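Listed below, chain by chain, are the residues.
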Amino acid sequence: MRYLVRDGDRTVISCEVGPEHLQGHGIVHGGVYCALVETAASIGASLWWGDRGRVVGTANQTDFLRPVGSGRLTASAVPVHRGRSQQLWSVEVVDDDGRLTARGQVRLANLTVPAPGR
C-alpha cells in the first residue's frame, strides 16, 4: 500500500493489484477491499485521536460494487463522526478510471492512555 494523504481529516491510500490479490474467478478478493477500507480509516482515526491514546477497529462493513481484475485501487477515508469514545469513518475505493468499486465504513473505539502511576 502507498500512503498518498495521511491526515486526521482525510486519508488516501492506494494498492496495485495483481494475480496474488485475485480469488478463483479472476477478480480482486473481498479481503483486499476490506484491508484497504480498514487501513485508510484507522490511519485517519489514529492521527485525529493523536497522543490521547490508541484507536482500534470494532467493525468493518464493506460493500463490493464493481469487479476488478488488475490495476490500481485507491481508497479515500473521511470521518462521519468523531466522539469521545468512538469514531465512524466512511471509505470509497475507486479503480484507475475513478469508478467506484467498493465502499465501506469502519467504527473505531478511542482508547485513552492511563495517566502514569495508575
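Heads up: the structure comes first, above all this text.
Right, let's walk through the structure included here. What you are looking at is a predicted structure, and each value in this text was computed from that prediction instead of being measured.

Let us now look at the packing of aromatic side chains. A complete count under the given rule lists two aromatic pairs for this structure. When the ring of Tyr-33 is compared with that of Phe-64, the centres are 5.8 Å apart and the planes differ by 40°; the resulting orientation is tilted. Linking Tyr-33 in helix 1 (residues 30-49) with Phe-64 in strand 3 (residues 53-64), this pair joins segments that are 31 residues apart in sequence. A residue is classified by how much of its surface remains accessible, and Tyr-33, at 2% relative accessible area, is buried. The class for Phe-64 is partly exposed, based on a relative accessible area of 47%. An angle of 35° between the planes, with centres 6.1 Å apart, marks the rings of Trp-48 and Trp-49 as tilted. The residue whose ring lies beneath Arg-52 is Trp-48, and the NZ or CZ to ring-centre distance is 4.7 Å.

The next subject is the pattern of salt bridges. Once their charged atoms are close, side chains differing in charge can pair, the charge on each being opposite to the other. Scanning the entire structure with this criterion turns up five salt bridges. The partner of Asp-63 in a salt bridge is Arg-103, and the shortest N-O contact between them spans 3.4 Å. Of the two residues, Asp-63 sits in strand 3 while Arg-103 sits in strand 6 (residues 100-112), which places them 40 residues apart along the sequence. Residue Asp-95 pairs with Arg-99 through a salt bridge whose shortest N-O separation is 2.8 Å. For Asp-95, a relative accessible area of 8% gives the class buried. You can call Arg-99 partly exposed: its relative accessible area is 38%.

Let us now look at the sheet that holds strand 6. Spatially, the six strands line up as an open sheet ordered 1-2-4-5-6-3, and their pairing is antiparallel. What marks the edges here is a single partner per strand, and that holds for strand 1 (2-6) and strand 3. With direction set aside, neighbouring strand axes in the sheet form an average angle of 20°. Of the pairings in the sheet, the one linking strand 5 (residues 86-94) to strand 6 comprises nine bridges and is antiparallel in character. Bridge pairing in strand 6 places Val-91 opposite Gly-104. Seen against the sheet, helix 1 touches strand 1, strand 2 (11-17), strand 3, strand 4 (71-82), strand 5 and strand 6 and runs at an angle of roughly 145° to strand 3.

Rules used in this analysis
Residues numbered from 1 in each chain as written. Predicted model: local features only at pLDDT ≥ 70, side-chain atom pairs only at ≥ 80, totals over all residues. Heavy atoms only, no water. Phe/Tyr/Trp six-rings, centres within 6.5 Å; stacked < 30°, edge-to-face > 60°. Helix = DSSP H or I, 4+ residues; strand = E, 2+ residues; numbered from the N terminus. Buried < 20%, exposed > 50% of the residue type's maximum accessible area, 1.4 Å probe, protein only. Lys NZ or Arg CZ within 6 Å of the ring centre and 35° of its normal. Salt bridge = Lys/Arg side-chain N within 4 Å of Asp/Glu carboxyl O. Pairing = 2+ DSSP bridges. Axes fitted to C-alpha atoms, helices over the stretch in contact; angles between N-to-C directions. Contact = heavy atoms within 4.5 Å.

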